[in-house]
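Fold and geometry: a report
The primary structure of each chain is shown beneath.
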Amino acid sequence: MSVLGWAQSFPSLRTSAIKRCSRHGTRLRCSIESFHVPVLIDQVLELYEGRRFEVFVDGTIGAGGHASKLLSSCDIDLFIGLDQDEIALAIASERLSKYGDKVKLVQSSFRDLEKVLSQFAVAQGEVDGILLDIGVSSMQIDTADRGMHGTLLKSQLLPCSSLRSNVLGRLNQAEHCPRNEGFSFISDGPLDMRMNRKDGLNAAEVVNNFAVEELTRIFLEYGEDPQSRRLAKSVVAFRETKQISTTFELTEALLGAKWANGNRPRGYPFKNHPATRVFQALRIFVNRELEVLEDSLPSAMKLLRPGVGRLGVITFHSLEDRIVKKAFRESAKAIGGVKDLTRKPIVPTKEECASNPRSRSAKLRAVERLLEDEEPTGRRNKYKKDR
């Protein structure tokens, strides 16, 4: 499904939601903007400020937080947004509708960025700006259901009870609207974790069929959990008596029934819930996130316009940041490669971490494409004076 596909499938839902919100003095768009806060937005705007963009690409548009700010602050002729999540695209389409035809939304992974851009007659060397915000969105984490059902929708996105019943009823009938997808152990739901439900194995198939050795490797490599083998053995022992099909069942398999249902046990050596790293590892493995990121960065840099094109990448854990750092450093050594604009990653301010705790692990790295025959120079951190 491409170019606002999901949203266009339910125009009556969108119209009804806005009308009924208006009766109670609340616009749906305002509600969306209030709960979705883009991370490092000031630093992102500084990266692209004062520049004109014939083509700008947001490879992970999500609910349109960064996109909305960039479109309102920068001179952009064509804005292309990609995301694998049809629900996120529906929200982004509503949020960015005021910008009309200059915004094109496509359901796709940023791994296929060149293929998507060819649909709009955009070739290598013709993109002035690219932004990638890597990782799962807060909406998916909060509700374990891709952000359109559950606690978040009821309490924040749709504050009026009559509107909730109307929208939830319609969404439940929509075949393209996925329910609980298992991104989080905070609320129960089917154990899926795929960003795009048409792709590959889901998390339930992994935990129910993989051997102890393979589960140990996944938990250790992608979750960096020092107790990976013990947790893998616990999963295998649990599935001998019962198939693991929900998020709560996986938490129970990992930690025992007394630690399930979102409870945080005392005395565990991790700051977060002890299931956090396993859920992270499964999500990364199922969606091949590190592989996609590693494959996509070289092609993204080639898409940039020589001499002016900039690429910014926001990561949320060390595995992703290492890949970005390595790719940028290798390209920065080549003639006609890139200039590293951030010798050290840009991190949120204390004020942003206090107002949006989930931003505390975010890191922004950025590069600018060199001219075809330009030799690389020493890296510099354009933000150093502000840190």
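Throughout what follows, the structure given in this document is the object of discussion. Bear in mind the structure is a predicted one, so any value in this text is a computation, not a measurement. Note that residues are indexed from 1 along each chain, following the sequence as it is written. Where totals are concerned, whole chains, interfaces and linings use all residues; where local detail is concerned, this predicted model gives features only for residues with pLDDT of at least 70, and gives and counts side-chain atom pairs only at 80 or more. Remark: hydrogens and water are excluded; side-chain values derive from all non-hydrogen atoms of the structure.

**Brief notes about the nonpolar core**
So the rule is basically this: Among buried residues, those of type Ala, Val, Leu, Ile, Met, Phe, Trp, Tyr and Cys that are joined through side-chain atoms within 4.5 Å constitute a nonpolar core. Only protein chains enter the calculation, and the probe is 1.4 Å; a residue is then buried if its accessible area is under 20% of its type maximum, exposed if over 50%, and partly exposed in between. Here a residue-residue contact requires only that any non-hydrogen atoms of the pair lie within 4.5 Å.
In terms of nonpolar packing, the biggest core is built from 63 residues, with Val57, Ile130, Phe219, Leu250, Leu297 and Leu311 touching the most fellow members. If near-sequence neighbours (up to four positions away) are discounted, Leu297 is found in contact with Leu132, Leu311, Val313, Ile323, Val324, Ala327 and Phe328.

**Here we look at the pairing of strand E3 (residues 103–107)**
On a regular strand, each side chain points to the face opposite its neighbour's, so the side chains alternate between the two faces of the sheet. Our working definition: Secondary structure is summarised from DSSP: a helix means a run of H or I of at least four residues, a strand means a run of E of at least two, and numbering begins at the N terminus for each. What makes two strands pair is DSSP finding at least two bridges between them. Look down the strands so they point away from you; if the path from the first strand over the helix to the second goes clockwise, the crossover is right-handed.
The element E3 is largely enclosed, with a buried count of four among its five residues. Pairing analysis gives five bridges linking strand E2 (residues 75–83) to E3, with the strands arranged parallel. Across the sheet, the residue bridging to Asp83 is Gln107, located in E3. Of the crossover connections in this fold, the one passing from E2 over helix H6 (residues 86–95) to the parallel E3 is right-handed.

**Notes on the environment of Gly59**
Its place among the elements puts Gly59 in the loop between strand E1 (52–58) and helix H5 (65–73). Given a relative accessible area of 2%, Gly59 falls into the buried group. Sequence spacing of Gly59 and Ser109 is 50 residues, and the spatial spacing of their C-alpha atoms is 7.5 Å. Each residue touching Gly59, except ones within four places of it in the same chain, is listed here: Leu82, Phe110, Leu131 and Leu132.

**Focus: the packing of helix H4 (residues 41–48) against H5**
The geometry of a pair of packed helices is captured by two quantities: the angle between their axes and the separation between those axes. Put simply, the rule is: A fitted line through C-alpha atoms represents every axis, and for helices the fit uses only the stretch in contact; the resulting angles, taken between N-to-C directions, go from 0 to 180 degrees. Oblique is the label for any angle not under 35 degrees, not over 145, and not in the 65 to 115 range, which are roughly parallel, roughly antiparallel and roughly perpendicular in turn. In this scheme, a crossing is called left-handed if the near helix is turned counterclockwise away from the far one by less than a right angle; it is called right-handed if the turn is clockwise. Residue type decides the class: Asp, Glu, Lys and Arg count as charged, Ala, Val, Leu, Ile, Met, Phe, Trp, Tyr, Cys and Pro as nonpolar, and the leftover types, Gly among them, as polar.
For the pair H4 and H5, the least separation of the axes is 10 Å and the interaxial angle reads 40°. What the angle tells us is that H4 and H5 run oblique. Judged by the twist between their axes, the crossing of H4 over H5 is right-handed. When H4 is examined against H5, the residues Ile41, Val44, Leu45 and Tyr48 are found in contact with a partner set consisting of His66, Lys69, Leu70 and Ser73. Split by residue class, the contact of H4 with H5 holds five nonpolar, two polar and one charged.

**Brief notes about the packing of aromatic side chains**
The cut-off we apply is this: We call Phe, Tyr and Trp rings a pair once their centres come within 6.5 Å, taking the six-membered ring for Trp, and we label the pair stacked below 30 degrees between planes, edge-to-face above 60, and tilted otherwise.
Throughout the structure, instances matching the rule amount to six aromatic pairs. Measuring from centroid to centroid gives 5.0 Å for Tyr48 and Phe56, while their planes differ by 80°, and the two rings are edge-to-face. Take Tyr48 and Phe56: they sit in the same class, and that class is buried. For Phe56, a relative accessible area of 0% puts it in the buried group. An aromatic cluster of three or more residues is present, and its members are Tyr48, Phe53, Phe56 and Phe79.

**A short note on H6**
Most of H6 is tucked away, with 10 of its 10 residues classed as buried. Taken together, the buried positions of H6 are occupied by Glu86, Ile87, Ala88, Leu89, Ala90, Ile91, Ala92, Ser93, Glu94 and Arg95.

**Here we look at a positive patch on the surface**
The cut-off we apply is this: Patch definition: residues with relative accessible area over 30% and no salt bridge; like charges joined within 9 Å; nonpolar side chains (Val, Leu, Ile, Met, Phe, Trp, Tyr) joined within 5 Å. Only the protein chains shown count as cover for residues, and all accessible areas are computed by the Shrake-Rupley method using a 1.4 Å probe. Salt bridges are identified by distance alone: a Lys or Arg side-chain nitrogen within 4 Å of an Asp or Glu carboxyl oxygen. By the counting scheme adopted, Arg and Lys are positive, Glu and Asp are negative, and His together with the chain ends is not counted. Working definition for charges: the position is that of NZ of Lys, CZ of Arg, CG of Asp or CD of Glu.
A surface patch of like charges, here positive, comprises Lys325, Arg329, Lys333, Arg343 and Lys344. Within the secondary structure, Lys344 is located in the loop between strand E6 (338–340) and helix H18 (350–355).

**Observations regarding the sheet that holds E1**
Overall, mixed pairing links the seven strands, which are arranged E3-E2-E1-E4-E5-E7-E6 in an open sheet. Each of the sheet's edge strands pairs with one partner strand only, and the pair in question is E3 and E6. The sheet shows a mean angle of 20° between the axes of neighbouring strands, taken without regard to direction. With respect to the sheet, H4 is in contact with E1, strand E4 (129–133), strand E5 (310–315) and strand E7 (363–369), its orientation differing from that of E5 by roughly 165°. H6 rests against E2 and E3 of the sheet, and its axis sits at about 170° to E3.

**Here we look at the pattern of salt bridges**
All told, the structure shown has 17 salt bridges when counted by the stated rule. Note that Asp128 and Arg305 form a salt bridge whose closest N and O atoms lie 2.6 Å from each other. Within this pair, whereas Asp128 is found in the loop between helix H7 (113–118) and E4, its partner Arg305 is found in the loop between helix H16 (289–303) and E5, the two being separated by 177 residues in sequence. Look at Arg305 and you get partly exposed, because its relative accessible area is 21%. Among the charged side chains, a salt-bridge network with shared partners connects Arg51, Arg310, Lys339 and Glu368.

**Quick notes on unusual backbone geometry**
Phi is positive for Met193, close to 75°, though the residue is something other than glycine. Here Met193 shows up in the loop between helix H10 (161–172) and helix H11 (203–209). A positive phi angle, close to 50°, is found at Glu224, a residue other than glycine. Tracing the sequence through the fold places Glu224 in the loop between helix H12 (212–223) and helix H13 (228–239). When its relative accessible area of 32% is taken as the criterion, Glu224 is described as partly exposed.

**A few points about the pairing of E7**
The buried count for E7 comes to six of seven residues, which makes it a mostly enclosed element. Here E5 runs beside E7; their pairing, made up of six bridges, is antiparallel. By the bridge assignment, Val313 is partnered in E7 with Arg365. When E6 meets E7, the two strands line up antiparallel, connected through three bridges. Paired with Asp340 across the two strands is Val367, which belongs to E7.

No statement about biological role is implied by the geometric values presented.
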